[in-house]
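Inside the fold
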Amino acid sequence: MMNINVEVNDRGNVADPRRLSDEILRKIERHLQWIDTHDNYSYELTLFVEQCVIEANRGVAKMSLKGVLNDQQIDKSFHSLEKGFKYKPHLPTRSLQLNAFTNLFTWIKRLIFPSGIELALAKRRLSGRAANALEEGIREVCATLDRLLERPLSNGKEQWKYYYGLSWKCSVVALVATSVISIFRVPAVQSNAHLVWGVFASTLAAFGLTLGWGLTTLPDQFYLSEPKGRKLAKLVGAKTPAGIRSVAWFMILLSAAGLMLGIYWLIFE
């Protein structure tokens, strides 16, 4: 028998507990679709949302997973914290302005396009941090379920190593090639500055193009529940595989523009 339920115990901070439990259950069931083809698993589990702290600059989610999996008792706790920007008087004005703009953009996005979890929390002005903490908690639960159910790892780690190494190799090749071109172009130009910038832009673009393409090809499971992939997701700054791929495509477009600019500086300037 395979069954998992979600119960929300913190009804004081959650405006619509039923909606929140449905959203969490949908995410977990989608993650566990692969188990349908495996007959040797049996579990009866309940995920409890014990606490959800909703503050403008801080979100906290505490959850616990209890039940039976393959005749073994399961009792695990999860705690996720999402902190926002903390004001410090000595910070430069530009940093404060950039953070204020980012917060305003995120706030407007939440008001116009709220997620299902944010709708369940209802306090859309303040629920961003709490929603992020809940999403992180769900990812922790999915990662734990993968370990408990002995889910085989994807090939994402090997793919990441391959593309990361390939990115450095491509950047080295681009550096050598553009350096040779710039040497031959020195007598024909009045200023060497454009040649230097051309080499720099082309080398950086080669790295970004290769790495960006690699990020778009990595499997969802790698980003959602495998340690290396989750660290990479935090480094990129995105919460979902779709968000990571959006950042990757932006990197590809930016790198392509940089490559064209570098070629222009090297050959036509």
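The model shown is predicted, which means the values in this text are computed figures rather than measured ones.

This part is about the pairing of strand β3 (residues 58-69). With 11 bridges joining them, strand β2 (residues 43-54) and β3 adopt antiparallel strand pairing. Opposite Thr 46, over in β3, you have Lys 66 as the bridge partner. In this structure, β3 lies alongside strand β4 (residues 72-83), joined through 12 bridges in antiparallel fashion. Each residue of the ladder has a partner; that of Lys 62, found in β4, is His 79. Between β3 and the antiparallel strand that follows it, β4, lie 2 residues; Asn 70 among them carries a positive phi value of about 50°.

Taken together, the 4 strands give an open sheet; going across it, the order is β1-β2-β3-β4, and neighbouring strands pair in mixed fashion. In the strand order of this sheet, the two ends are held by β1 (2-8) and β4, each with one partner. Within this sheet the neighbouring strands show an average axis-to-axis angle of 15°, counted without direction. As judged from the 7 bridges shared by β1 and β2, these two strands associate in the parallel manner. Note on β2: the bridge partner recorded for Glu 7 is Phe 48. Each of β1 and β2 is contacted by helix α1 (residues 17-31), which is oriented at about 145° to β1, the strand it contacts most.

Okay, the pattern of salt bridges next. For side chains bearing opposite charge, pairing can occur when the charged atoms are close. Applying the stated criterion to the full structure yields 5 salt bridges. In this structure, Glu 136 engages Arg 139 in a salt bridge whose closest nitrogen and oxygen atoms are separated by 3.2 Å. Taken together, the residues Glu 136 and Arg 139, both in helix α4 (residues 127-148) and 3 residues apart, mark about one turn of the helix. When sorted by exposure, Glu 136 lands in the same class as Arg 139, which is buried.

For the rest of this paragraph, the subject is the confidence of the model for the chain. The share of residues in the chain with pLDDT of 70 or more is 82%, and the mean pLDDT across the chain is 81. Throughout residues 94-98 the model reports pLDDT below 50, and contacts reaching past four residues in sequence, or to other chains, amount to 3 contacts.

What follows concerns the packing of helix α5 (residues 156-185) against helix α9 (residues 241-268). Contact pair α5 / α9: the axes reach a minimum separation of 9 Å and the direction vectors enclose 30°. In terms of orientation, α5 lies roughly parallel with respect to α9. Contacts from Thr 178, Ile 181, Ser 182 and Arg 185 of α5 reach α9 at Leu 266, Ile 267 and Phe 268. Class assignment of the residues belonging to the contact of α5 with α9 gives a composition of 4 nonpolar, 2 polar and 1 charged.

Secondary-structure assignment places Thr 216 in helix α6 (residues 193-217). In this structure the side chain of Thr 216 is engaged in a polar contact, spanning 2.6 Å, whose partner is the backbone oxygen of Trp 213.

Residues Lys 157, Lys 161, Lys 228 and Lys 231 make up a contiguous surface patch of positive charge. Take Lys 161: it is sitting in helix α5.

The rules we used
Residues numbered from 1 in each chain as written. Predicted model: local features only at pLDDT ≥ 70, side-chain atom pairs only at ≥ 80, totals over all residues. Heavy atoms only, no water. Pairing = 2+ DSSP bridges. Helix = DSSP H or I, 4+ residues; strand = E, 2+ residues; numbered from the N terminus. Axes fitted to C-alpha atoms, helices over the stretch in contact; angles between N-to-C directions. Contact = heavy atoms within 4.5 Å. Salt bridge = Lys/Arg side-chain N within 4 Å of Asp/Glu carboxyl O. Buried < 20%, exposed > 50% of the residue type's maximum accessible area, 1.4 Å probe, protein only. pLDDT = per-residue confidence, 0-100. Parallel < 35°, antiparallel > 145°, perpendicular 65-115°, else oblique. Nonpolar A, V, L, I, M, F, W, Y, C, P; charged D, E, K, R; others polar. Polar contact = N/O pair within 3.5 Å; in protein donor to acceptor, adjacent residues only side chain to side chain. Patch = residues over 30% accessible without salt bridge, like charges linked within 9 Å, V, L, I, M, F, W, Y side chains within 5 Å. Areas by Shrake-Rupley, 256 points an atom, 1.4 Å probe, with all protein chains shown as cover. Lys, Arg positive; Asp, Glu negative; His and termini not counted. Charge placed at Lys NZ, Arg CZ, Asp CG, Glu CD.

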